[in-house]
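Below are the chains, spelled out letter by letter.
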Amino acid sequence: MEVESPKLSDIRFAAMNFLAMREHSAKELKEKLGRKYSAWPQLLDAVIQALIEQNLQSDERFATAFIAMRQRQGKGSQLIRLELRERGINAELINACVDESDTQWQSLACDARRKRFGNEMPQDQRERARQMRFLQARGFASRHIQQAFNAIDTDYC
């Protein structure tokens, strides 16, 4: 028994439901729609392309919202870059959205360190290294971690 091909409107409706919940990258949207409509990849591509042309799906808008969400969670630029790549955002757009020279990364590193370890400076190198590893695991770049600890030493953090 042959399965009937879905209508474009059915696929579009499903895509719009996903987009109504939150922004999705084109890759994420294709993966989610593909779970139900995997037998019709050309229809998926047509629907997603139409959504992009109508500005209902935007990788740039997704990247901006995703970065803001991850920053609120105290994540660093390196982790955010990796996660954006995994979600199908191209390197050019990532570079445009994630400005490594922005001082907010140092602030975020300070805030994450303070939230986890309190306001006290590390008492020895071992504790300092432990706190640095924590920040590294949160995805902060080495220079932002260093700047955060320099700021602690000079009471700017």
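These lines cover the structure that appears in this document, whether it is placed above or below. (Residues numbered from 1 in each chain as written. Predicted model: local features only at pLDDT ≥ 70, side-chain atom pairs only at ≥ 80, totals over all residues. Heavy atoms only, no water.)

### Focus: the overall build of the protein
Broken down by element type, the protein carries nine helices and zero strands. Walking the protein from its N terminus toward its C terminus, one meets helices and strands in the order α-α-α-α-α-α-α-α-α. On C-alpha atoms alone, the protein measures out to a radius of gyration of 21 Å, which is more than a quarter above the 15 Å that the 2.2 N^0.38 rule sets for 157 residues. If you line up the protein on its principal axes, its C-alpha atoms span 70 × 30 × 25 Å. (Helix = DSSP H or I, 4+ residues; strand = E, 2+ residues; numbered from the N terminus. Rg over C-alpha atoms; globule rule 2.2 N^0.38 Å.)

### Looking at unusual backbone geometry
Excluding glycine, most residues fall at negative phi; most peptide bonds, likewise, are trans. Residues other than glycine seldom take positive phi values, yet Asn 55 does so here, at roughly 60 degrees. The topology assignment puts Asn 55 in the loop between helix H3 (41–53) and helix H4 (59–72).

### Structural notes on the packing of aromatic side chains
Per the stated rule, a full pass over the model turns up two aromatic pairs. Measuring from centroid to centroid gives 5.3 Å for Phe 117 and Phe 134, while their planes differ by 90 degrees, and the two rings are edge-to-face. Taken together, the positions of Phe 117 in helix H7 (residues 104–117) and Phe 134 in helix H8 (residues 125–137) put the pair 17 residues apart, joining distant regions of the chain. Judged by relative accessible area, which is 17%, Phe 117 ranks as buried. On the accessibility criterion, Phe 134 (17% relative accessible area) is buried. Above the face of the Phe 134 ring, Arg 116 is positioned so that its terminal group lies 5.6 Å from the ring centre. (Phe/Tyr/Trp six-rings, centres within 6.5 Å; stacked < 30°, edge-to-face > 60°. Buried < 20%, exposed > 50% of the residue type's maximum accessible area, 1.4 Å probe, protein only. Lys NZ or Arg CZ within 6 Å of the ring centre and 35° of its normal.)

### Structural notes on the packing of helix H1 (residues 8–21) against H3
With their axes 10 Å apart at the nearest point, H1 and H3 run at an angle of 55 degrees to one another. By the angle class used here, H1 and H3 are oblique. H3 is crossed by H1, and the crossing has right-handed handedness. Contacts from Leu 8, Ile 11, Arg 12, Ala 15, Met 16 and Leu 19 of H1 reach H3 at Leu 43, Leu 44, Ala 46, Val 47 and Leu 51. (Axes fitted to C-alpha atoms, helices over the stretch in contact; angles between N-to-C directions. Parallel < 35°, antiparallel > 145°, perpendicular 65-115°, else oblique. Left-handed = near helix turned anticlockwise from the far one by under 90°. Contact = heavy atoms within 4.5 Å.)

### Looking at H3
For an α-helix, the turn length of 3.6 residues means that residues three or four places apart are oriented alike. Counted at 1.5 Å a residue, the expected span for H3 with its 13 residues is 18 Å, and the 18 Å between its end C-alpha atoms agrees. Turning to H3, its buried residues are Leu 43, Leu 44, Val 47, Ile 48 and Leu 51. Seen end-on, H3 carries its buried residues on one side only, within an arc spanning 130 degrees. Of the exposed residues in H3, those oriented more than 90 degrees away from the buried face are Gln 42 and Glu 53. (Expected span 1.5 Å × (residues − 1). Arc of directions from axis to C-beta.)

### Comments concerning the pattern of salt bridges
A complete count under the given rule lists eight salt bridges for this structure. Lys 30 is the salt-bridge partner of Asp 45, the closest N and O atoms lying 2.7 Å from each other. Of the two residues, Asp 45 sits in helix H3 while Lys 30 sits in helix H2 (residues 26–37), which places them 15 residues apart along the sequence. The class of Asp 45 is partly exposed, set by a relative accessible area of 38%. Overall, Lys 30 belongs to the partly exposed group, its relative accessible area being 34%. Residue Glu 100 pairs with Arg 81 through a salt bridge whose shortest N-O separation is 2.9 Å. Residue Glu 100 is found in the loop between helix H6 (91–97) and H7, and its partner Arg 81 is found in helix H5 (residues 77–86); the two are separated by 19 residues along the sequence. The exposure classification of Glu 100 matches that of Arg 81, with both residues buried. (Salt bridge = Lys/Arg side-chain N within 4 Å of Asp/Glu carboxyl O.)

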